Amino acid sequence: MKYPNLLTITLLIFSSNAFSSDCNISFVGGGGEPVNARKTIFDPSLSALGSYLQNTKCNYSLSFNGGHQEADAIMKSQFRNAETKKPFDVVNYNEIINGYINKINSGAIKDGEKILLMIDSHGAKPTGGEKTHDISIGDATAPLNLNDLSNSPKINLSSLNALTNLAAAKGIKLGIVDFSCHSGATLDLANKNTCVISSTGPNHLGVNVFSEEFIKNMKPGKTLENVFLETRRNSISKNYDESSGNYPNSTFPMISTPEGLSINRDLYPNISPYLYYYNPNGFEDKLGDYIIHASSDKGLCMRENQFNKLQSTIEEFRAIGALEMNNMPELARIKELLKNYKATQDRYIKFARTIGIQELSHIEHFGKTAKGDVSWREILETNYEKRLDDLSPLAKSKDPTQRAVYQQYVDGFNKQKEILSKYPKLKNYKNIFKQQMNEMKGTFKIANDISLEERKLYDVMYENLQKKKSAKNPCNDFVL
Amino acid sequence: MDNMNRASITFLLLTFFQFSSAYACGDYLISAQVRAENEYFVLIVNPGTISEIRLRADTDYNLKLAAYENRFIETKIKMIKEMDRTRGEIESLGSITVLVPDPKLVDQGTSMKLLSKSDCKK
């Protein structure tokens with residue numbers, strides 16, 4: 001009788017500890033990886049989190065992409081006490097988020113208690129009109145386009161709005177850490193109780209080193225803000241050899257504190273182009289698109305303004321820092337790097353303009369409504385001769401609607417000829433541009449060097465702002 | 001015999017769901033192949049399968065869609081008329097992203113996801 005009693009008491013103590021924990025952690029992600037792959041690129045972060053959780057009393061749950069053997073093995077061996085441990089799909093993701101909402105509403109998670117939601121999946125560039133961004137959920141059906149995640153099922157993280165609003169209303173301390181590419185878009189979810197941290201800015205790809213180091217830096221007693229700043233400062237990948245396929249550090253990790261938001265506003269838009277680099281894999285390239293965009297008259301003007309603002313921000317900071325700070329970094333190096341990289345990009349923009357690339361986004365209006373709006377790029381990519389050949393019987397049709405359809409293509413063909421007579425190189429612009437861009441391979445290293453200098457700049461800018469605004473915020477109030 | 005019956009019932013149920021599940025009017029996110037069909041362009045989901053869905057675009061979109069003929073694209077569409085089983089008409093379409101199809105998949109990676117429902121126009 002003695003032993004069963006002891007067992008019961010032990011179980012009761014264990015259960016009460018588990019249920020009385022004031023912290024809750026969820027890790028979701030692993031989406032967008034190839035079907036049948038043995039492992040996912042997110043496995044090291046998953047494993048690091050497994051080690052962290054062994055030393056905490058937090059309740060935790062997992063929705064991680066299933067079907068990859070090594071990922072499954074980590075889930076099985078390192079997350080034994082998980083409340084839920086399921087593949088990453090819409091149902092399981094919603095189950096975790098709605099589970100928190102229900103627990104808050106029922107009082108199971110109370111005022112002042114913590115929820116930390118970590119997202120580690122592929123993330124898309126935010127599209128116009130959408131707050132936050134899409135992340136991959138489930139496997140990719142074909143090589144993943146890292147810019148828009150086409151070929152992978154997706155969910156939009158604005159689906160977290162109900163949870164963030166409830167956290168604010170009920171005094172729950174909510175931390176959202178988005179490790180995915182383009183995750184800066186998730187800062188939109190921040191509010192008076194929600195701290196949001198991202199591994200990169202909304203226009204940039206992310207790197208795994210941030211998520212792995214962030215989790216390794218998580219220690220009891222540290223705040224989310226401490227962990228972010230430590231990781232941003234020190235999570236530097238040494239593997240920036242282009243041939244190895246490893247990404248450099250050209251990311252821009254973000255945090256939703258007042259200091260972080262201030263730097264994001266003043267520094268990020270203007271430094272963005274200089275963290276881009278050319279990647280021959282079109283699915284991962286940012287620089288080619290940027291060069292095309294910046295080649296337009298409007299883009300060119302914006303680019304010059306942004307560069308001047310960037311130089312002013314650095315100069316202003318140097319003036320303030322020289323008066324107020326003891327550990328002022330050497331800012332001449334970042335200025336020099338930026339100036340040189342701008343000159344390199346300018347050469348390619350000039351070349352792009354000689355081909356006529358700045359005109360590709362130009363819109364022609366063919367109909368009475370916007371339905372007939374077609375870009376020059378689309379006009380150039382259409383085989384009008386074939387369409388006109390296929391539809392030749394319509395030219396003499398008695399039906400005016402059919403004749404109008406034929407006439408559409410005649411008009412399109414005439415416009416194509418007009419464009420090519422003005423810009424003959426646009427006929428083969430993709431190949432010409434690609435050949436030229438191949439010479440931009442070295443930009444990989446330049447963007448990386450700028451990023452490393454930017455880390456130092458960010459660090460002292462943040463420290464300087466902290467002196468002025470040391471009020472409590474959801475990131476320094478979230479203690480692990 | 002039991003297996004035969006089970007297979008027949010499954011087949012009948014699938015057939016019933018296939019032809020009875022009308023797609024609602026509203027906004028969709030669609031991944032589809034663009035094909036020319038006489039004077040029209042159609043977006044095809046699940047091309048070449050029993051579940052093929054063909055959505056015909058307004059001819060005003062001809063010049064835009066001609067640039068993507070035979071390619072796979074992702075776009076948002078609006079449908080305001082009730083679909084006739086697996087055939088529908090596209091009232092408007094959004095910005096277009098080109099996709100890489102996956103020949104290993106039966107549907108080649110195409111899909112049709114309802115974003116918001118609206119009443120059909122008569």
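Located above this text is the structure these notes cover.
Residues numbered from 1 in each chain as written. Chains lettered and ligands numbered in written order. Predicted model: local features only at pLDDT ≥ 70, side-chain atom pairs only at ≥ 80, totals over all residues. Heavy atoms only, no water.

Moving on to the nonpolar core. Counting residues in each nonpolar core, the largest one holds 146 residues, and the members touching the most others are M118(A), F214(A) and L65(B). Contacts of L65(B), omitting those with residues within four sequence positions, involve V34(B), F41(B), L43(B), A57(B), I73(B), L93(B) and I96(B). (Core = buried A, V, L, I, M, F, W, Y, C linked by side-chain atoms within 4.5 Å. Buried < 20%, exposed > 50% of the residue type's maximum accessible area, 1.4 Å probe, protein only. Contact = heavy atoms within 4.5 Å.)

In this section: the state of the cysteines. Residue and element names in this part refer to chain A. Summed over all chains, the structure comprises three disulfides over all chains. Between the sulfur atoms of C195 and its disulfide mate C475 the distance is 2.1 Å. Residues C195 and C475 are joined by a disulfide whose S-S torsion is about 100 degrees; by sign, that bridge is right-handed. Here C195, found in strand β8 (residues 194-198), pairs with C475, found in the segment after α16 (443-468); they are 280 residues apart in sequence, far enough to count as distant. Among the residues examined, C195 registers a relative accessible area of 0% and is labelled buried. Taking relative accessible area as the criterion, C475 reaches 1% and is therefore assigned buried. Here the cysteine-cysteine linkages of chain A are recorded as 1-2, 3-4, numbering only bonded cysteines and doing so in sequence order. (Disulfide = S-S within 2.5 Å. Helix = DSSP H or I, 4+ residues; strand = E, 2+ residues; numbered from the N terminus.)

To continue, consider the sheet that holds strand β3 (residues 85-86) of chain A. In sheet architecture, strand pairing relies on hydrogen bonds along the backbone and comes in two forms, parallel and antiparallel. Residues and elements named next belong to chain A. Here we have seven strands laid out as an open sheet, ordered β3-β2-β1-β4-β7-β8-β9, and mixed in their pairing. The sheet terminates laterally at β3 and β9 (254-255), the two strands that pair on one side only. Strands β1 (23-29), β2 (59-64) and β4 (114-120) of the sheet are contacted by helix α2 (residues 43-54), whose axis makes an angle of about 165 degrees with β1. (Pairing = 2+ DSSP bridges. Axes fitted to C-alpha atoms, helices over the stretch in contact; angles between N-to-C directions.)

As a further point, take the environment of I25(A). All names here are of chain A. Relative to the elements of secondary structure, I25 occurs in strand β1. For I25 and L117, which are 92 residues apart along the polypeptide, the C-alpha to C-alpha distance reads 5.8 Å. Residues contacting I25, with those up to four places away along its chain left out, are Y52, L53, C58, N59, Y60, S61, Y100, L116 and M118.

Turning our eyes to something else, we now look at the packing of aromatic side chains. Scanning all chains against the criterion turns up 18 aromatic pairs over all chains. Arranged with centres 5.9 Å apart and planes meeting at 15 degrees, the rings of F27(A) and F64(A) form a pair that is stacked. Of this pair, F27(A) sits in strand β1 while F64(A) is found in strand β2, placing the two residues 37 residues apart along the sequence. On the accessibility criterion, F64(A) (0% relative accessible area) is buried. With 5.9 Å between their ring centres and 85 degrees between their planes, F252(A) and Y458(A) make a pair best called edge-to-face. Note that F252(A) is positioned in the loop between α7 (224-234) and β9 and Y458(A) in helix α16, a separation of 206 residues in sequence. For the residue pair F252(A) and Y458(A), the accessibility class agrees, reading buried in each case. Among the aromatic residues, those joined into a ring-pair cluster are F179(A), F210(A), F214(A), F228(A), F252(A), Y268(A), Y458(A) and Y462(A). The ring of Y40(B) has R56(B) lying over it, and the distance from NZ or CZ to the ring centre is 3.9 Å. (Phe/Tyr/Trp six-rings, centres within 6.5 Å; stacked < 30°, edge-to-face > 60°. Lys NZ or Arg CZ within 6 Å of the ring centre and 35° of its normal.)

To continue, consider the pairing of β1(A). Residues and elements named next belong to chain A. With seven of its seven residues buried, β1 lies for the most part within the structure. Of the two faces of β1, the one carrying C23, I25, F27 and G29 and the one carrying N24, S26 and V28 are both buried. With seven bridges connecting them, β1 and β4 associate as parallel partners. Paired with V28 across the bridge in β4 is I119. Of the strand pairs in this sheet, β1 and β2 are connected by six bridges, and their pairing is parallel. Bridge pairing in β2 links G29 to F64. Note that the unit made of β1, α2 and β2 has a crossover that is right-handed. (Right-handed = clockwise from strand over helix to strand, strands pointing away.)

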